[in-house]
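Per-entry structural report
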Amino acid sequence: MSVTRRDFVRTSVLGAVATGIGAHGAASGPPNGNGAQGHASANDMYKRPIIITAHNGFNYIDDAYAFLKNGGDTLDAALRVVKGPEDDPKDTSVGLGGLPNEEGVVELDSCCMHGPTRRAGSVGGVRNIKNVSLVAKAVMEQTGHVMLVGEGAERFAVAMGFPRENLLTDHSRKVWLLWKEYHSTTDWWGPALADPHWQPPQEQPEGKPQSELWQERVRRLEKHAANLGIVPELRRDAVYKVLFPPTGTIHCSALNEKGEISGCTTTSGLAYKLPGRVGDSPIIGAGCYTDQDVGSAGATGSGEENIKVAGAHTIIENMRHGMSPKEAGMDALQRIVRNYNHDMKKLQFVDMIYYILRRDGAYAGVSLWTGYEGGHPHQIVVHDGTRRAEDATALFQGFSRDFPPDPKVPAEVQKQFQ
Ligand code: GLY
């Protein structure tokens, strides 16, 4: 992705303002709501075929679009996009190289829905299998079930011919060790008392400015990263992933010229999560939902919050009842806000991005916040003949913070990572 945050004007989280609704030019009204055919008005306004995905699908969408345009199936097109990051060891949020759970084990989640045949498949908490999106499709096609989890899902994948492999790359293992070290003043990880290099934890010097304390913390982490053998060009990235644990994921929805539509979502979930934690990505109706009569939607972001509002399903039902893609997404975000009684002190630790594609080709990307602290503005990637990245419309202007909360990282320290 070429967009950086360098020129982006940071605004205060607590000074957040809700934005208005309306961009990406999608009119209200269901395209072919409730299965009825042919509301002529909307159908000629938007381009088909079209694919929408998350920022990490940018490099894979061209190939998928060509496949779709040549008559390829909509789910297979979406899977072509998400397989890219699943195979990429450098993408630390999906598939191979995904950041592990707190025990250093990579556990993957995925689901898919095929609009034309109205089928779904899903897998959760899968270890040792890289392409879980394809395993979700195999569950859909080869079993009478919708969801398999854990060891059973892994055994099913192996039976289907998926190779078992170690998903923890050397880099993601070292980033995980660095994360352990970062927290080691409160646990048994890191140098022991008997270690000749052990030093007592530093007392917080009275009156020392926060930014200086943070600079010291960053320097200490960089030194640990060097000790762990992380090469100099990857040290900043490793420190960044320890200070701002990523919650990346990829969703993709694809619509062909005939109006057939499908979607899928895949992830390694929250970095350093509890073993066995399953997020929203494999939950049909939360991480992804597709209804051939209405459209397809998916999510990346705070999985627990999205599960509680059944985000993707809520969006589809909102569109079924006449909302535009953007209105439908904003309403789902408002439900998250409502769950916290509009308490901005809590909502600053939540973030969510919805990718929404209506059956007529109208689409929207909406997010709770402008971006993650220390990261880029949220974007969606679109291909309808032209590949492009577009800023999501944020409900609140500002940057969300990581949870569990560290003391706030001062702006001058954050700048080092941009
Ligand atoms: N949205 C991805 C997760 O929470 O696991």
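Values in this document were obtained by computation on a predicted structure and should not be read as measured data.

**Observations concerning the confidence of the model for the protein**
- Mean pLDDT over the protein stands at 86; residues scoring 70 or higher make up 81%.
- Contacts for the low-pLDDT stretch residues 1–25, under 50 throughout, to residues beyond four places or in other chains number 64 contacts.
- Confidence over residues 30–42 falls short of pLDDT 50; this stretch has 25 contacts with residues more than four positions distant or in other chains.

**Quick notes on the nonpolar core**
- Counting residues in each nonpolar core, the largest one holds 48 residues, and the members touching the most others are I51 and V123.
- Ignoring any residue separated from it by four or fewer positions in sequence, one finds I51 in contact with I61, A64, Y65, L68, V81, C252, S253, A254, V381, V382 and H383.
- Listed in part, the 27 residues of the second largest apolar core include V294, V337, V350 and L395.

**Side note on the sheet that holds strand β4 (residues 147–149)**
- Judged by pairing direction, the sheet is mixed, and its eight strands sit side by side in the order β4-β3-β2-β6-β5-β1-β11-β12 without closing on themselves. Among the strands making up the open sheet, the edge pair consists of β4 and β12 (387–391). Between one strand axis and the next, the sheet turns by 10° as a mean value, whatever way the strands run.
- In this structure, strand β3 (residues 119–126) lies alongside β4, joined through three bridges in parallel fashion. Residue pairing for β4: V123 is matched across the bridge by L148.
- Packed onto the sheet, helix α5 (residues 150–159) meets β3 and β4 and runs at close to 105° relative to β4.

**As for the state of the cysteines**
- All told, the structure shown has zero disulfides when counted by the stated rule.
- Free of any disulfide, C111 has its nearest neighbouring cysteine sulfur in C288, separated by 4.6 Å.
- Residue classification places C111 among the buried positions, given a relative accessible area of 0%.
- As a non-bridged cysteine, C264 has C252 as the owner of its nearest cysteine sulfur, 5.7 Å distant.
- The exposure class of C264 is buried, given its relative accessible area of 0%.

**Brief notes about the pattern of salt bridges**
- In this structure the tally under the stated criterion is 25 salt bridges.
- Between K130 and D87 there is a salt bridge whose closest N-O contact spans 3.5 Å. Placement of the pair is K130 in the loop between β3 and α4 (132–142) and D87 in helix α3 (residues 74–87), with a sequence separation of 43 residues.
- Residue K130 is classed as buried on the basis of its relative accessible area of 18%.
- For D87, a relative accessible area of 24% gives the class partly exposed.
- When the shortest N-O distance is used, the salt bridge between R164 and E154 registers 2.6 Å. With R164 in the loop between α5 and α6 (170–182) and E154 in helix α5, this pair connects stretches of sequence that are 10 residues apart.

Rules behind the numbers
Residues numbered from 1 in each chain as written. Predicted model: local features only at pLDDT ≥ 70, side-chain atom pairs only at ≥ 80, totals over all residues. Heavy atoms only, no water. pLDDT = per-residue confidence, 0-100. Contact = heavy atoms within 4.5 Å. Core = buried A, V, L, I, M, F, W, Y, C linked by side-chain atoms within 4.5 Å. Buried < 20%, exposed > 50% of the residue type's maximum accessible area, 1.4 Å probe, protein only. Pairing = 2+ DSSP bridges. Helix = DSSP H or I, 4+ residues; strand = E, 2+ residues; numbered from the N terminus. Axes fitted to C-alpha atoms, helices over the stretch in contact; angles between N-to-C directions. Disulfide = S-S within 2.5 Å. Salt bridge = Lys/Arg side-chain N within 4 Å of Asp/Glu carboxyl O.

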